[in-house]
Amino acid sequence: MRTHAVAIIGSGPSGFYAAGALLDSEDPPVRVDMYDRLATPWGLVRAGVAPDHPKIKSVSLQYEKIAARPGFRFFGHVHVGEDVTVDELLDRYDAVVYAVGSQTERRLGIEGEDRPGSLASVDFVGWYNGHPDYVGLDPDLAAERAVVIGAGNVALDVARMLLLGEEDLRATDTADHAIEGFVASGVREVVVCGRRGPVEAAFTTTELRELDDIDGLTTVVDPAQMPPAEGDADLVKGTRRNIEILRGWAERGPDPDAPRRMEFRFLRSPLRVLGDSDDGPVTGVELAVNRLETSEDGRVRPVDTGERETVDCGLVFRAVGYKGMALPGVPFDEASGTIPHHEGRIDGREREYVVGWIKRGPTGIIGTNRKDANETVRGLLADLASGSRADATPPSAEEIEEWLSGRCPDLVDLDGWEAIDAHERAAGEPGGRPRVKVVDRSAFMDLVRPQ
Ligand code: NAP
């Protein structure tokens, strides 16, 4: 059977796992073109995972191996939906896989949410990770106290990055503009607010435990918020470990001499982001104090007790989850922020597939995407093997590259990305950093097309 050609839109973990599984196929043999609107691949591994988590980021070694396999090509600086359309890709490939992730934030829908100093974690994470879309964010970090809304791993990432000591920070690949911003920051205290209790929090244990290893940081939990230890045996392992850690902090009490402090406050929902005038900067957050109720379906829900609490602060970070965005010409479910599908085959479409967060919503760790991508690729390969494309005569790999070069003057291929990567790593070496990130389109192009 002829080699089939598949386009993958998005170069994060789910896209790479899909590429790896497709390149494994012998019957039919498959070649993969991976597209990204940025010059750089790896999606959230580059632009989402916190820079002080180099071990998690090292999963990119797997993606480098996949990229080095015969039949793989990378095309950066191609914005599907703007530079090229989905229909144009369907004319040129046997199948198209969307791996575009969840690119925006879930909104709180509360008064004052857009005040200066109230930031979406999606934007802030992009800013400190050098994502070109967010380098201009330039947040004012002068305030001494920040509140982070949400009790998930992104909330922890944001809180930790705000409180990391300078030495720890300078060892990372945090974008240079953000290192300077953090070093000059006035933030000494972060209050992380969960709307439900410690048992319901979405933190993973490793991420909680590592807070003990951060120099100068004390963790603060009100013992009255912790459930009695007798119930621990009934909890699933991860939750039990989280509770043990949080209870340990509650019993130990805060270190009054620590220069930086992270407080966990549970059973609190944000009601209003406060300021002195209608569009004035953040001065605090009004919180509702909740109690928990178990619904008939077994889900534990927060219920407003009517009691109110105000936390004075100059910064609010909204970390209540990501949301997918519609791609022009591709079905989309607004409510869930995902592309409707059945086992990765997009509903009502032929030759179009979906993987990762835009398939299942913004949940799970990086490795979750492998199984997810395998499911989709199984269906895709079965569809190709059924012979439905046997008589098709799509353009050659060379013709596609020619077409793209005409369309996208700043096209970045795999060699181009490798030149960027080598430059960034070399720039990091003198400071003992993994890399110094390039964040500017023209600087990328200077590396891709040296004069
Ligand atoms: P998440 O795990 O879904 O956490 C979102 C948090 O926001 C939950 O505590 C949720 O509370 C809360 N929330 C939602 N709506 C809210 C509202 N209206 N008001 C107050 N709180 C609200 O999402 P995430 O932190 O964005 O992380 C996304 C995924 O990436 C997760 O699977 C996460 O584990 C993963 N991730 C992993 C790492 C790592 O492994 N180091 C790092 C970052 C992210 P409820 O539970 O009550 O809904």
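Keep in mind the model is a prediction, meaning the values are calculated, not measured.

Engineer: I would appreciate a short explanation of the sheet that holds strand S13 (residues 300-312) in the present structure.
Structural biologist: The pairing of strands in a sheet happens through backbone hydrogen bonds and is either parallel or antiparallel. Here three strands make up an open sheet; going across it, the order is S11-S12-S13 and the pairing antiparallel. Only two strands of the sheet have a single partner each, and these edge strands are strand S11 (268-275) and S13. Averaged over all adjacent pairs, the angle separating strand axes in this sheet is 20 degrees, with direction ignored.

Engineer: Got a minute to help me understand the site of the ligand in this structure?
Structural biologist: The environment of the ligand is made up of 24 residues, and the closest members are Asn153, Arg195, Arg196, Glu207 and Gly364. Taking Arg106, its side chain carries an N or O atom lying 3.3 Å from a nitrogen atom of the ligand. The contact in question runs from an oxygen atom of the ligand to an N or O atom on the backbone of Val154, over 3.1 Å. Surface burial for the ligand is 82%, taken as the share of its 910 Å² of free accessible area covered by protein chains. Sort the elements by how many residues they give to the shell around the ligand and helix H7 (residues 153-163) lands first, with three residues. Its residues placed into classes, the shell around the ligand shows twelve nonpolar, six polar and six charged.

Engineer: Sorry if this is basic, but what is going on with the packing of helix H6 (residues 121-128) against H7 here?
Structural biologist: Two packed helices can be described by the angle between their axes and the distance between those axes. Orientation of H6 relative to H7, taken along the N-to-C sense of each, is 50 degrees, at an axis distance of 11 Å. Between H6 and H7, the interaxial angle falls into the category oblique. Our pair here, H6 against H7, has a crossing hand that is left-handed. The residues of H7 that touch H6, namely those facing Ser121, Phe124, Val125 and Tyr128, are Val154, Asp157, Val158, Met161 and Leu162. Classifying every residue of the contact of H6 with H7 gives seven nonpolar, one polar and one charged.

Engineer: What's the story with helix H13 (residues 368-385) in this structure? I'm lost.
Structural biologist: Because an α-helix completes one turn every 3.6 residues, residues spaced three or four positions apart along the sequence face the same direction. With 18 residues, H13 extends 26 Å between its outermost C-alpha atoms, agreeing within 8% with the 26 Å of an ideal straight helix rising 1.5 Å per residue. Buried within H13 we find Asn369, Asp372, Ala373, Thr376, Val377, Gly379, Leu380, Leu381 and Leu384. Following H13 by one or two positions, Gly387 has its phi on the positive side, about 90 degrees.

Engineer: I'm lost on the nonpolar core in this one. Help?
Structural biologist: In a soluble, globular protein the nonpolar side chains are often hidden away together inside. Judged by nonpolar contacts, the single largest core of 50 residues is most densely connected at Phe124, Leu162, Phe182, Phe264 and Phe317. Per-element tally for this core: the top contributor is H7, with seven residues. In this structure Phe182 touches Phe124, Trp127, Tyr128, Leu141, Met161, Leu162, Leu169 and Thr174, once residues within four positions along its chain are discounted. Ranked by size, the runner-up nonpolar core spans 41 residues in total, among them Ile8, Ala18, Phe72 and Ile366.

Engineer: What am I meant to see in the pattern of salt bridges here?
Structural biologist: Where charged atoms of side chains with opposite charge meet at close range, the side chains can pair. For the structure shown, the criterion picks out 44 salt bridges. Between Arg247 and Asp232 there is a salt bridge whose closest N-O contact spans 2.7 Å. Placement of the pair is Arg247 in helix H11 (residues 237-252) and Asp232 in the loop between strand S9 (217-221) and H11, with a sequence separation of 15 residues. Classification of Arg247 as buried rests on a relative accessible area of 12%. The buried category is assigned to Asp232, whose relative accessible area is 9%. A salt bridge links Arg441 to Asp410; its shortest N-O distance comes to 2.9 Å. A residue pair is termed long-range when its members are at least 10 positions apart, and Arg441 in helix H16 (residues 441-448) and Asp410 in the loop between helix H14 (397-407) and helix H15 (414-428) qualify at 31 residues.

Engineer: When you look at the sheet that holds S9 in this model, what are you seeing that I'm missing?
Structural biologist: Strands sit in the order S6-S14-S7-S8-S10-S9 across an open sheet of six strands; the sheet is parallel. Either end of the sheet is taken by a strand with one partner, and the two such strands are strand S6 (118-120) and S9. Averaged over neighbouring strand pairs, the angle between their axes works out to 20 degrees when direction is ignored. Here three bridges tie S6 to strand S14 (residues 315-318), and the two strands are oriented parallel to one another. From the neighbouring strand, Ala120 faces S14, where its bridge partner is Arg318.

Engineer: Please explain the environment of Arg435 as it appears in this structure.
Structural biologist: For Arg435, the position within the fold is in the loop between H15 and H16. Separated by 257 residues in the primary sequence, Arg435 and Ala178 have C-alpha atoms spaced 14 Å apart. Beyond its immediate sequence surroundings of up to four residues, Arg435 is in contact with Trp42, Arg46, Asp173, Trp417, Asp421, Glu424, Arg425 and Gly428. A distance of 2.8 Å separates a polar atom in the side chain of Arg435 from a polar atom in the side chain of Asp421.

Engineer: Would you mind going over the pairing of strand S4 (residues 95-98) with me for this structure?
Structural biologist: For a regular strand, the rule is simple: side chains alternate between the two faces of the sheet. Side chains Ala95 and Val97 of S4 all project onto a buried face; the interleaved residues Val96 and Tyr98 project onto the opposite face, where all are buried too. Pairing analysis gives four bridges linking strand S1 (residues 4-9) to S4, with the strands arranged parallel. Residue Ile9 lies in a different strand from S4, and its bridge partner there is Tyr98. Alignment of S4 against strand S18 (residues 352-354), held across three bridges, turns out to be parallel. Opposite Val97, over in S18, you have Tyr353 as the bridge partner.

Engineer: It is not clear to me how the packing of aromatic side chains should be interpreted in this structure. Could you clarify?
Structural biologist: One pair of aromatic rings is described through two measures. These are the centre distance and the angle between the planes. Following the criterion strictly, the structure yields 15 aromatic pairs and no others. Pairing Trp42 with Trp417 gives two aromatic rings, centres 5.2 Å apart and planes at 80 degrees, and the pair type is edge-to-face. Linking Trp42 in the loop between strand S2 (30-35) and helix H2 (44-47) with Trp417 in helix H15, this pair joins segments that are 375 residues apart in sequence. What makes Trp417 buried here is its relative accessible area of 4%. An angle of 85 degrees between the planes, with centres 5.9 Å apart, marks the rings of Phe124 and Phe182 as edge-to-face.

Engineer: Teacher, can you tell me more about the UniProt feature "domain: FAD/NAD(P)-binding" (unreviewed entry) in the protein here?
Structural biologist: Using the residue numbers shown here, the UniProt feature "domain: FAD/NAD(P)-binding" (unreviewed entry) corresponds to residues 5-162. Structurally, residues 5-162 comprises 33% helix and 18% strand, and the distance from its first C-alpha atom to its last is 45 Å.

What counts, and where the lines are drawn
Residues numbered from 1 in each chain as written. Predicted model: local features only at pLDDT ≥ 70, side-chain atom pairs only at ≥ 80, totals over all residues. Heavy atoms only, no water. Pairing = 2+ DSSP bridges. Helix = DSSP H or I, 4+ residues; strand = E, 2+ residues; numbered from the N terminus. Axes fitted to C-alpha atoms, helices over the stretch in contact; angles between N-to-C directions. Near = heavy atom within 4 Å. Polar contact = N/O pair within 3.5 Å; in protein donor to acceptor, adjacent residues only side chain to side chain. Areas by Shrake-Rupley, 256 points an atom, 1.4 Å probe, with all protein chains shown as cover. Nonpolar A, V, L, I, M, F, W, Y, C, P; charged D, E, K, R; others polar. Parallel < 35°, antiparallel > 145°, perpendicular 65-115°, else oblique. Left-handed = near helix turned anticlockwise from the far one by under 90°. Contact = heavy atoms within 4.5 Å. Expected span 1.5 Å × (residues − 1). Buried < 20%, exposed > 50% of the residue type's maximum accessible area, 1.4 Å probe, protein only. Core = buried A, V, L, I, M, F, W, Y, C linked by side-chain atoms within 4.5 Å. Salt bridge = Lys/Arg side-chain N within 4 Å of Asp/Glu carboxyl O. Phe/Tyr/Trp six-rings, centres within 6.5 Å; stacked < 30°, edge-to-face > 60°. UniProt positions renumbered as here; feature names shortened; annotations may be inferred.

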